[in-house]
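Residues per chain are reported as follows:
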Amino acid sequence: MVLRKSMGTLTGIALACVLLLSGCNASQAVTSPQASSTSSPDTSQSSQTHSQPYTAASSPATASDVANLSVHFIDVGQGDSILIITPDGKSAVIDGGEASSGALQYLQSKGIKRLDLVVATHPHSDHIGGLVQILNSIPVAKVVTNGQPTTTLTYEHFLDGVTAAKAKYVEVKRGDTIPLGNLTLDVLSPVNATGDDLNHNSVVLRLSYFQVTFLFMGDADAAAEADILSAGMAVKADILKVGHHGSRYSSGPAFLAQVKPKVAIYSAGLSNDYGHPHAETLAALAAVGAQVYGTDTNGTVVVTTNGSSYQMSPLKGQPRGPPAAATSSTLPLLPTVPPATTTATPATPSLTATTPPSSTPAALSLEITSVTSPVRPGANATLTAKTAPGASCSIKVYYKSGPSTAQGLTTKTADSSGIVSWAWKVGTNTTPGSWRIVVTASKDGQTITKETYFTVS
Amino acid sequence: MIKKAVIDRFEGDKAILLVGDEQRQVVASRASLPRTAKEGSWLAVTIEDDVILSVNVDEDETNKARQRISDKLERLRRGEHI
């Protein structure tokens, strides 16, 4: 993965910025997309970095702890295909577009020689057609579906491909988890993949990498969205793969209000027969403040994240919706958290220029500076946070079984440096997976909450 | 000429047909199909230059495909392919 090649450990503010940008032309990093395209002759890609509070991935922090996750929304014309490359080098594909729509070629161009996971969200040809070619060309370890068949030859060829690939075949439903390296895909839908509407039964997946969360909707319709909400599933996501190519039958306002996407990406062909994306959907996405990218106008869109901030790299053009500056200004600024080890790395002057000004002094701050991850069941985990000196701080750890009742997860007061930390034992029977941790700090009538995830494996 | 086709999906008022062994895509008006046609229905279509002149639902072909595919799916579920 190109973004990892020059990664070093860096100090403080520069870390989160530089990690996302290493491997890129530095001038791209700090200039507007328009300017960058003129200053980097070897590529037409433009990039934007969105910063969220930096959180060390584990304690002690090392370069590998904050390696990157990349999610590629591949331009396959009218259809869906998404490539995920995890920080530990695992790769997965969600859908493959139509047959011969370029997904396989894209994988090959990224040096993908095997896939750990293929997900077919549902068996329509614009989602599984290209999977046939992939299954027949690249070793695939596991194929996940919702288990609902159809009667097309395209689907039959897909089954033949799974058979020939000798891939493990798994059917999932809500509440299941799909491991992918150190990460976990949570299945939000379907509950029961029966009935005439194949879109409705799409496999809906949520993926969190520390503080950055993705939601992949497949072609799930508004009824599926409502069902996910009524089941109380967590749906909040920074990056939303918009359901059903941006059609008006998905992306209901109530659902979008809960997802609160900062970035929304739909996958559709230019001038397609169905009018995707529909104007109503674009308006609904704009109404929740999302920046909207589409593979029809932006080509392949790559999101790269170190778990605390993310970078958008559309092949061309700019997003619709609120400009990047408006989005960034609403995000907390990067704190100055030195990782445990530092080495001298020449930060270019242009990168230093991305350093945000100091945060507003009046507001109570809270940053999770480290958390042990991954942790084995039965081992101890620690979490450290920085807030205002004397702030009252509480922590909740949510496992599959519910909130942890471990000793040590008590309300504490931040020390004179504003540091607070907790140590607790992860139960021997804890279900492996990526689990949410919520930290709350209160002082002088102000309260602030931050959350992160840690992996039990 | 008369060809076999299958309805891959509906998109709004349109139906996406996969025609022949090559599963070539033809977009048709949903209203032009028989009311009994569903996603996954096999059809006998009279088609010229991608224009559909007549359509009949082919229940027999639909059932044959469903059974054949169901058998393949069951083998995958049992893990017999590994």
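Think of each chain on its own: its residues are numbered from 1, step by step along the sequence as written. For naming, the first written chain is A and the first written ligand is 1, with later ones following in the order written. Residue-level local features of this predicted model are given only where pLDDT is at least 70; pairs of side-chain atoms are given and counted only at 80 or more, and the full residue set underlies all totals for whole chains, interfaces and linings. Water and hydrogen atoms play no part in the side-chain values, which are based on all heavy atoms of the structure.

## Examining the pairing of strand E7 (residues 168-171) of chain A
Consecutive side chains along a regular strand alternate between the two faces of the sheet.
All names here are of chain A.
Inference 1: Strand pairing is defined by DSSP finding a minimum of two bridges between the two strands. For helices the rule is a DSSP run of H or I covering at least 4 residues; for strands it is a run of E covering at least 2, with both sets numbered from the N terminus onward. Strand direction decides the pairing type here: strand E6 (residues 142-145) and E7, joined by four bridges, are parallel. When the bridges of E7 are listed, Thr145 appears paired with Glu171.
Inference 2: For a crossover, the right-handed case is the one in which the path from the first strand over the helix to the second runs clockwise, viewed with the strands pointing away from the viewer. Regarding topology, helix H6 (residues 153-165) serves as the crossover connection from E6 to the parallel E7, and that connection is right-handed.

## A short note on the side chain of His127 of chain A
Residues and elements named next belong to chain A.
Inference 1: Along the chain, the position of His127 falls in helix H5 (residues 125-135).
Inference 2: Since its relative accessible area comes to 0%, His127 is described here as buried.
Inference 3: There is a polar contact of 2.7 Å between the side chain of His127 and the side chain of Asp95.
Inference 4: Residue contacts are counted whenever heavy atoms from the two residues lie within 4.5 Å of one another. If sequence neighbours within four positions are ignored, His127 has contacts with Asp80, Asp95, Gly96, Gly97, Thr121, His122, Asp219 and His245. Throughout this description, buried means an accessible area under 20% of the type-specific maximum (1.4 Å probe, protein chains only), exposed means over 50%, and partly exposed covers the range between. What qualifies as a polar contact is a pair of N or O atoms within 3.5 Å, subject to a donor-acceptor requirement within protein and to the restriction that residues adjacent in sequence count only when both atoms come from side chains.

## Some thoughts on helix H1 (residues 59-77) of chain B
Inference 1: The span one expects for a helix is its residue count, reduced by one, times 1.5 Å. Compared with the 27 Å implied by 1.5 Å per residue over 19 residues, the 26 Å span of H1 of chain B between its first and last C-alpha is a close match.
Inference 2: Contact partners of the buried residues in H1 of chain B: H6 and E7 of chain A together with strand E1 (2-11) and strand E4 (42-48) of chain B.
Inference 3: With its phi angle positive at about 75 degrees, Gly79 of chain B sits one or two positions after the end of H1 of chain B.

## Observations concerning the pattern of salt bridges
Inference 1: Take a side-chain nitrogen of Lys or Arg and a carboxyl oxygen of Asp or Glu: if they are within 4 Å of each other, that pair is a salt bridge. Evaluation of the coordinates by the stated rule reveals 20 salt bridges over all chains.
Inference 2: Between Arg9 of chain B and Glu98 of chain A there is a salt bridge whose closest N-O contact spans 3.9 Å. Taken as a pair, Arg9 of chain B in strand E1 and Glu98 of chain A in the loop between strand E4 (91-96) and helix H4 (103-109) lie in two separate chains rather than in one.
Inference 3: When its relative accessible area of 15% is taken as the criterion, Glu98 of chain A is described as buried.
Inference 4: Across the salt bridge formed by Lys3 of chain B and Glu22 of chain B, the nearest N and O atoms sit 3.4 Å from each other. In this pair, Lys3 of chain B is assigned in strand E1 and Glu22 of chain B in the loop between strand E2 (14-19) and strand E3 (24-29), connecting sequence segments 19 residues apart.
Inference 5: On the accessibility criterion, Glu22 of chain B (48% relative accessible area) is partly exposed.

## Digging into the confidence of the model for chain A
Inference 1: For every residue, the pLDDT score states the predictor's confidence, bounded by 0 at the bottom and 100 at the top. Per-residue confidence for chain A averages 81 on the pLDDT scale, and 77% of its residues sit at or above 70.
Inference 2: Confidence drops under pLDDT 50 across residues 1-45 of chain A; counting only partners more than four residues distant or on other chains, this segment forms 104 contacts.

## Examining the environment of Val292 of chain A
All names here are of chain A.
Inference 1: Mapped onto the elements of the fold, Val292 is located in strand E14 (residues 291-294).
Inference 2: Note on Val292: relative accessible area 3%, which makes it buried.
Inference 3: Sequence spacing of Val292 and Pro319 is 27 residues, and the spatial spacing of their C-alpha atoms is 5.2 Å.
Inference 4: Not counting residues within four places of it along the chain, the set of residues in contact with Val292 comprises Ala264, Tyr266, Leu282, Leu285, Asn298, Pro319 and Arg320.

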